Amino acid sequence: MAVLEIHNLTKYYKAHLALDDVSLKLRSGEIVAVIGRSGAGKTTLLRCVNRMIEPSSGRIEFEGVDIRRLGRSALREYRTHIGMIFQHFNLVPRQTVMENVLNGRLGHKSTLAGIAGIYSADEHSMARSVLEQLDLADQAEKRCDQLSGGQKQRVGIARALVQEPRLILCDEPIASLDPRSAKAIMDYLFRISRKMDISILINLHQVDVAIKYADRIVGIREGCVVFDGDPKNLKKRKVAEIYGCDVDDIHFEDSTGGDAMFN
Amino acid sequence: MWATVAALAAITAYGLFTLDSNGVNIPDAIGETLRNFRTIFLHPESRRLSAGAAAWELLLTVAQAILITLFSGLVSLGLGLLGARNLAPKPLTQAIKAVIAVVRAIPSILWVLIFAVAAGLGSTAAVLGLSMHSIGYLTKAYAESFESLDYGVVEALQAVGANWWQIVFQAVLPSSSTYLLSWTFLRFEMNFTNVVAMGAAAGAAGIGFDLFMASSLYFDLGELGLITYFVLAFAILLEIVAIRVKAVLKER
Amino acid sequence: MSVDILTERKRKSLRLFGLLVVLAAASIVVTQYDIGKGFTSLVKAFVWGLSNFYPSGASLSKLPDILKKLWETFLISIASTVSASPFALFLAFMGSRTTRAHGALTAAARGIGSFFRNMPLVAWAMILMLAFSQSSLTGFLALFLGSFGFLVRAFMEVLDEVDPGLIEALKAAGAPYYSIIFRVVLPASAPQIVSWLLFMIETNIRDATLVGFLTGTGIGFAFDVYYKSFNYHAASLVVIVTVVLVIALETGSNAIRRVIL
Ligand SMILES: Nc1ncnc2c1ncn2[C@@H]1O[C@H](COP(=O)(O)OP(=O)(O)OP(=O)(O)O)[C@@H](O)[C@H]1O
Ligand SMILES: [Mg+2]
């Protein structure tokens, strides 16, 4: 069953066409990686899905509901079902790990409880078990500005998970991390997706990582989808087309291997 | 830049040249002032006003400054949130910023006198009038603190489905509290000086009024000295505290 | 565990909040502040302001007079700032960490700066008035002394920010103290210094109103005259021209800052 269906999505920034008639489907529990060179429109696509950016035209259906029609409060309710993970983590630096994770529950709470930061025992135990899964249990009381980048990103994932999302959007989640932490983060995301049946739409810069983890790859060039298919079918020539460069400049092996760190 | 400096220098020269000294013999006046300084700073005395009474008047002044700071801080917090570009719709922020700029541009003495028409000269008018100016200042400072926040944090909570109030209380305020506190404390120092000034200029209760009486009514240099020392001591104390507070806040 | 941490944080916020409430309550008690009267006055003042405090046709005839006073205030604000700045700069050089000459001088410079900065403007005005009587000169001198104190502190911070590496490089090359200051430190910090000058001028316009009120000069005096003779239409005109001047200055300074910083 498709969790997310995007039909003919187009986005203009003033006169600039950033997304041109993009259509895309995401099945339950599927990991779809979006690749493309800088400025291709990856971030725009991702943010249109939870309407952090308003699309110009097209349909976006989440579990059969046309999300472009949602009003303000319905939009908030809708967003609670979708986790989002950022390149720069976007944690509140002066709050503790636990507080930042619990922030993920805000959409489920009344305004007043959210303002006062009052969470139920269930929410606490949920946050704790999520932290355990991400091997952060011993960091719960630390302030987030004292964490390493990899730890911060895991807090970001934990925040998304306590939302109990059915879809997680990741915008270059490993772009600011060293290779080891990056691999760890990708492994966590992969495991979560498989175990909890959560779909993941992920923007990546590293083709080899996309090939290793994704069930499907979508290549975008200048706002248009130029590839949508199994990683196995992504050939060097296609990658060169997506990135607009010579085949000789592509340094990875089709479907067979890549960076040693990720094998 | 040098054009600016040259222009300023030219205006200054013109200003000094046309300065009206009202027929005062300047060397004599300078001599007299220096002699006055000597009396004021070397022979402070308490005649009408005992040291205890002066301390009480100082406390009265501080209390008014606290009232002004708290009241204006509370109002400014609301206005600052609504005036921050990243937290409120653009027309609203622009309206608030424009109004606040005007409020700030009106000198505090004029605010106080305007309120004095309704409340009479005295502390009520002084507190209200100084609060206006304080609101003008703090709203700008708060709004700019909010605007300098990492917007990603706000976006992250939007993406979670949190509403405006929740974002304000869980992300905006925790992240900016140190800035807010140090701006507020800075303003408290300014409010203290302003209350002293309004005591002298607009009859607000407190040490400023005694300052005015000592100099303009009694011509009592010794008492003027005593009062000056009290005010100076407290102002320097505040400055030291402010430096400490800043250092502590920086660590956190 | 984490539950305790959360309540601990909340407890901290509550404690701060409680402290503020106590402070407010204590201040209200000490000043015997009548909150009811405060609020009714606030409302009354706004109602009164809307119905009386606006310029009328007749008050416009006072405009030339008012503008003349405003011009006086404008001149004094700039003159006091600019003429205080060389003295302030000198003291700042002695007090700054990057440029200081001797330890004792530094301490003295900082002490003098602190004294002038914390001495209230009204106290200067009151003291000066004893000898200089009510005149523009008194206003100028009071603002001069006040600006001096503020600028010492501001300039000192600017000089502290100058990269010590610059100075070291020239020292290593054997350059003498004064040439380092004039060739390196001043050029490096000049934009910030000018920016503070502009800020001081803006502040002085407002303070000049207060000082003018006390010393019977400038725009503050003009307001006082109309105010005391219940000519609120003219008084409101004073407020309006002041606002226009202050905002124009602010806008102008910001434009200059954008160019030089
Ligand atoms: N807020 C905006 N206003 C105007 N143009 C924008 C805006 N955001 C993005 N664009 C433009 O839209 C196009 C797509 O941008 P987008 O951020 O989606 O690219 P991206 O694929 O995420 O790039 P990167 O890999 O560098 O993150 C770019 O040409 C960009 O300049
Ligand atoms: Mg991007």
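Above this text sits the structure in question.
If you're wondering where the values come from, they're calculated on a predicted model, not measured in any experiment.

Draft legend 1. Fine view of the packing of aromatic side chains. Residue and element names in this part refer to chain C. Going through the model one piece at a time under the given rule, you end up with 28 aromatic pairs over all chains. Between Phe116 and Trp124, the ring centres sit 5.6 Å apart and the planes meet at 20 degrees, which makes this aromatic pair stacked. Neither residue differs from the other here; Phe116 and Trp124 are each classed as buried. Residues Phe116 and Phe148 carry aromatic rings whose centres are separated by 5.0 Å and whose planes lie at 85 degrees to one another, so their mutual orientation is edge-to-face.

Draft legend 2. Just the site of ligand 1, in detail. Residue and element names in this part refer to chain A. In the vicinity of ligand 1 lie 13 residues, with Ser38, Gly39, Lys42, Thr43 and Thr44 positioned nearest. In the environment of ligand 1, an oxygen atom lies 2.5 Å from a nitrogen or oxygen atom belonging to the side chain of Thr43. Between ligand 1 and the protein, one listed contact pairs an oxygen atom with a side-chain N or O atom of His205 at 3.3 Å. At the level of elements, β2 (16–27) and α1 (42–49) are the ones that each hand at least two residues to the shell around ligand 1. Sort the elements by how many residues they give to the shell around ligand 1 and α1 lands first, with three residues.

Draft legend 3. Main features of a nonpolar patch on the surface. A surface patch of nonpolar side chains, amounting to about 450 Å² of accessible area, comprises Phe71, Leu74 and Val75 of chain B together with Ile35 and Phe39 of chain C. When contributions to the nonpolar patch are tallied by element, the ones reaching two or more residues are α3 (51–83) of chain B together with α2 (35–52) of chain C. Per element, the largest residue contribution to the nonpolar patch is three residues, and it comes from α3 of chain B. Tracing the sequence through the fold places Ile35 of chain C in helix α2. When its relative accessible area of 40% is taken as the criterion, Ile35 of chain C is described as partly exposed.

Draft legend 4. Geometry of the pattern of salt bridges. Applying the stated criterion to the full structure yields 27 salt bridges over all chains. Between Lys228 of chain C and Asp224 of chain C there is a salt bridge; the shortest N-O distance is 3.0 Å. Here the residue Lys228 of chain C and the residue Asp224 of chain C both occupy positions in helix α9 (residues 218–228), the gap between them amounting to four residues, near one helical turn. Taking relative accessible area as the criterion, Asp224 of chain C reaches 11% and is therefore assigned buried. Residues joined in a network through salt bridges with shared partners are Arg27, Glu30, Arg216 and Asp228 of chain A.

Draft legend 5. Seen up close, the interface of chain A and chain B. Listed by partner, the interface residues are 30 residues for chain A and 22 residues for chain B. Each partner contributes to the roughly 2,100 Å² buried at the junction of chain A and chain B, and carbon and sulfur atoms together form 56% of this total. Interface area lost by chain A to chain B is led by Arg76, Arg94 and Ile115 of chain A, which between them contribute 28%. Linking chain A with chain B are one salt bridge. Inspection of the chain A/chain B interface yields 11 residue pairs in polar contact (both at pLDDT 80 or more).

Draft legend 6. The packing of helix α8 (residues 177–215) of chain C against helix α10 (residues 232–260) of chain C, seen in detail. Residues and elements named next belong to chain C. It is the contact of α8 with α10, at a shortest axis distance of 10 Å, that shows an interaxial angle of 175 degrees. By the criterion of interaxial angle, the relationship of α8 to α10 is roughly antiparallel. Contacts from Pro191, Val194, Ser195, Leu198, Phe199, Ile201, Glu202, Ile205 and Arg206 in α8 reach Leu245, Val246, Leu249, Glu250, Ser253, Ile256, Arg257 and Ile260 in α10. Of the residues that constitute the contact of α8 with α10, the class distribution is 11 nonpolar, two polar and four charged.

Cut-offs used in this document
Residues numbered from 1 in each chain as written. Chains lettered and ligands numbered in written order. Predicted model: local features only at pLDDT ≥ 70, side-chain atom pairs only at ≥ 80, totals over all residues. Heavy atoms only, no water. Phe/Tyr/Trp six-rings, centres within 6.5 Å; stacked < 30°, edge-to-face > 60°. Buried < 20%, exposed > 50% of the residue type's maximum accessible area, 1.4 Å probe, protein only. Near = heavy atom within 4 Å. Polar contact = N/O pair within 3.5 Å; in protein donor to acceptor, adjacent residues only side chain to side chain. Helix = DSSP H or I, 4+ residues; strand = E, 2+ residues; numbered from the N terminus. Patch = residues over 30% accessible without salt bridge, like charges linked within 9 Å, V, L, I, M, F, W, Y side chains within 5 Å. Areas by Shrake-Rupley, 256 points an atom, 1.4 Å probe, with all protein chains shown as cover. Salt bridge = Lys/Arg side-chain N within 4 Å of Asp/Glu carboxyl O. Contact = heavy atoms within 4.5 Å. Buried area = accessible area lost by both parts, 1.4 Å probe. Axes fitted to C-alpha atoms, helices over the stretch in contact; angles between N-to-C directions. Parallel < 35°, antiparallel > 145°, perpendicular 65-115°, else oblique. Nonpolar A, V, L, I, M, F, W, Y, C, P; charged D, E, K, R; others polar.

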